[in-house]
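Structural description and commentary
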Amino acid sequence: MQDKMQTKKYFLEMVSASIKGLPIPSCPENINGELIYKLSVRNAVQGILYLAVKSGAVTLSAETEAKEIVLKKYDFESFYGEHIKWWNDFFSKSFLSLSDGKLENFYNIQLYKIASATREDRMLVDCMGPWLGSVTPWPLTWWNLNVQLTYWPICQANHPELMMSLVNHLDKYRDNLKNNVPEEYRENAMVLSRVSDNELKCKSGAVPHKENGIKNEVIEIGNLTWALHNCYVYYKTTLDENALLKVIYPILKENINYFLNFLYEREDGNLHLMVTSSPEYETNGEDCTYNLSLLKWGLNTLIEINDNFNTNDEKREKWADTLVKLTDLPVDENEGWLIAKDVHYDHSHRHFSHMLEAYPLCTCNDKELIIKTIKQWHKYTEGLQGYTFTGTALMYEQLGMGNEALSSFEKLFGEFLRPNTMYKENGPVIETPLSGAQVISEMLMQSHEGIIRIFPCWDKKSAASFENLRADGAFLVSAENKNEKVISLKITSLRGRKCTVECDGIKGVIRESDKAEIPFEKNSNTVSFETQADTAYILI
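Because the structure is a prediction, the values reported are computed rather than measured.

Considering the sheet that holds strand 14 (residues 464-471)
Taking strand neighbours across the sheet as the criterion, the six strands line up as 3-14-15-16-21-18 in an open arrangement whose pairing is antiparallel. For this open sheet the edge positions go to strand 3 (95-98) and strand 18 (509-511), each flanked by a neighbour on one side alone. Recorded for the sheet is a direction-independent mean angle of 20° between the axes of neighbouring strands. Across four bridges, strand 16 (residues 485-493) lies against strand 21 (residues 535-539) in antiparallel orientation. Residue pairing across strands places Ile491 opposite Tyr537, the latter belonging to strand 21. Relative to the sheet, helix 4 (residues 101-117) contacts strand 3 and strand 14, its axis offset from that of strand 3 by approximately 165°.

And the structure:
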């Protein structure tokens, strides 16, 4: 990892010197086992800066070779044309038009960042993305929040191809996911601890046990589960069965297998989870809400996949029995969700790990419980950070509380963001502004639990439109709000699934191609209708 940082650091120094017209700094003697040679070539007439880093044997012609690397593959016109076309195509996949220009510009910049950070066949995005400074407290890949938030806006923005950088990475290094498990539990098990290198190798965290009250012991066994939830969102919005059945499902099975080693039955007849930890909260405890909520989601998802695809998995009965007997999440009647059994939220903490059922799992719709927990979380303020407020906004949005969501989200701008929307705590990190893009997107559309909600948290007095946001069920959704009502709504079905939409004022469904009226079921402000693949429908 140090080699990677040194290489990036040197490249940035080279870029900086080139732009300033200073001498190119000498390269380190050895990086990553190879000598690295560089060059910058400035075209003063066109104002173009060509940069290249060359690995290989010592040579006296680094400048010539670096120039050839660039110019051999591209002349400037073709390079520039391909570059512009790629970005035009990228931003044409979907777009937003908002009366609030600040929000619209912020959203577009985040899409630029994520596309600059990865592509379908490239590395997953770590804490820094492509912008690594010379000093960072996070030089590895963090799995207890950072990766997951980074990938949140991708699918709904209709760029599921970028999510494949995560799916492919988990697939490529699944042997290391297995080797991360302590040897005595390694058979048919996978896990990720708090941090890993780029090949998903990490030091095994402490094993769950029954000794309550131990502090600062990392036992985060749900991190891989949370990353797999991101991958499952990819499946739900694309219906890519190959990725689901060959990558997501088998890895999720082995991850949940690891959990099952640490359940035990108590005198109440329920299954309880041994002592584990909630990310970065000092005190550990039994029935840790973070890990328990992810275990429940994982078990339900395994059963859902098994039943939908008739995989006839021999562990299906075990999963179902475990769910029936699994204890409820620990709750205090005044404080809401606890960190763990008998572990109260009693000091400020930036993570919302004990609230994943509110978001992103969206498996709880108990408004009173969620609001109670949010208030307890924000009761102590000194440790709150930028993603505290994006997470809070997204939870409010699931409850339909748009004003509260916007108020929370705007705190990100006031204190935490740089003018270019980059984010920094002890050092620069990439995930928080990207999670902010999801806040904006879910103001305009949500599709959890199979219902597409149109402008669920947008101020209807403000004009807004969007085109081709991607929803669960592989639907592309376009809509416009003007003069306090939805004046257009179009849904394109990519895979021919039944579509359910929540939106005021829908009186009919018309197939766009031939204007044929389509039968639909209506219940209050929700309509449902059957679709055909690759077919667009106008809702009037």
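With respect to the confidence of the model for the protein
On average, the protein scores 88 in pLDDT, and the residues at 70 or more come to 85%. Within the model, the stretch residues 28-45 combines pLDDT values under 50 with 65 contacts to residues more than four positions away or in other chains. Taken together, the stretch residues 54-60 has pLDDT below 50 and engages in 15 contacts with residues farther than four places along the chain or on a different chain.

What about the packing of helix 10 (residues 289-309) against helix 11 (residues 316-325)?
Where helix 10 meets helix 11, the axes come as close as 10 Å, and the angle between the chain directions of the two elements is 140°. Between helix 10 and helix 11, the angle is such that the two are oblique. Where helix 10 crosses over helix 11, the handedness of that crossing is left-handed. When helix 10 is examined against helix 11, the residues Lys296, Leu299, Asn300, Leu302, Ile303, Asn306 and Asp307 are found in contact with a partner set consisting of Arg316, Trp319, Ala320, Thr322 and Leu323. Among the residues forming the contact of helix 10 with helix 11, the class breakdown is six nonpolar, three polar and three charged.

Some words on helix 4
Between the first and last C-alpha of helix 4 there are 24 Å, a value that for 17 residues agrees with the 24 Å anticipated at 1.5 Å per step. Looking only at helix 4, the buried set comprises Leu103, Phe106, Tyr107, Gln110, Leu111, Lys113, Ile114, Ala115 and Ala117. Between the side-chain oxygen of the N-cap and the backbone nitrogen of Lys102 there are 3.1 Å, and the N-cap of helix 4 in question is Asp100.

A few points about the pattern of salt bridges
Summed over the entire model, instances satisfying the criterion amount to 19 salt bridges. Between Lys236 and Glu304 there is a salt bridge, with its nearest N and O atoms 3.7 Å apart. Linking Lys236 in helix 8 (residues 223-238) with Glu304 in helix 10, this pair joins segments that are 68 residues apart in sequence. Its relative accessible area of 28% is what places Lys236 among the partly exposed residues. For Glu304, a relative accessible area of 31% translates into the label partly exposed. Residue Glu521 is joined to Lys498 by a salt bridge in which the shortest nitrogen-to-oxygen separation is 3.9 Å. Placement of the pair is Glu521 in strand 19 (residues 521-523) and Lys498 in the loop between strand 16 and strand 17 (499-502), with a sequence separation of 23 residues.

Regarding the pairing of strand 16
One ladder, built from eight bridges, connects strand 15 (residues 475-482) with strand 16; its direction is antiparallel. Each residue of the ladder has a partner; that of Val477, found in strand 16, is Ile491. Adjacent in sequence and paired antiparallel, strand 15 and strand 16 are bridged by two residues, among which Asn483 carries a positive phi angle near 55°.

Reading guide: rules and limits
- Residues numbered from 1 in each chain as written.
- Predicted model: local features only at pLDDT ≥ 70, side-chain atom pairs only at ≥ 80, totals over all residues.
- Heavy atoms only, no water.
- Pairing = 2+ DSSP bridges.
- Helix = DSSP H or I, 4+ residues; strand = E, 2+ residues; numbered from the N terminus.
- Axes fitted to C-alpha atoms, helices over the stretch in contact; angles between N-to-C directions.
- Contact = heavy atoms within 4.5 Å.
- pLDDT = per-residue confidence, 0-100.
- Parallel < 35°, antiparallel > 145°, perpendicular 65-115°, else oblique.
- Left-handed = near helix turned anticlockwise from the far one by under 90°.
- Nonpolar A, V, L, I, M, F, W, Y, C, P; charged D, E, K, R; others polar.
- Expected span 1.5 Å × (residues − 1).
- Buried < 20%, exposed > 50% of the residue type's maximum accessible area, 1.4 Å probe, protein only.
- Polar contact = N/O pair within 3.5 Å; in protein donor to acceptor, adjacent residues only side chain to side chain.
- Salt bridge = Lys/Arg side-chain N within 4 Å of Asp/Glu carboxyl O.

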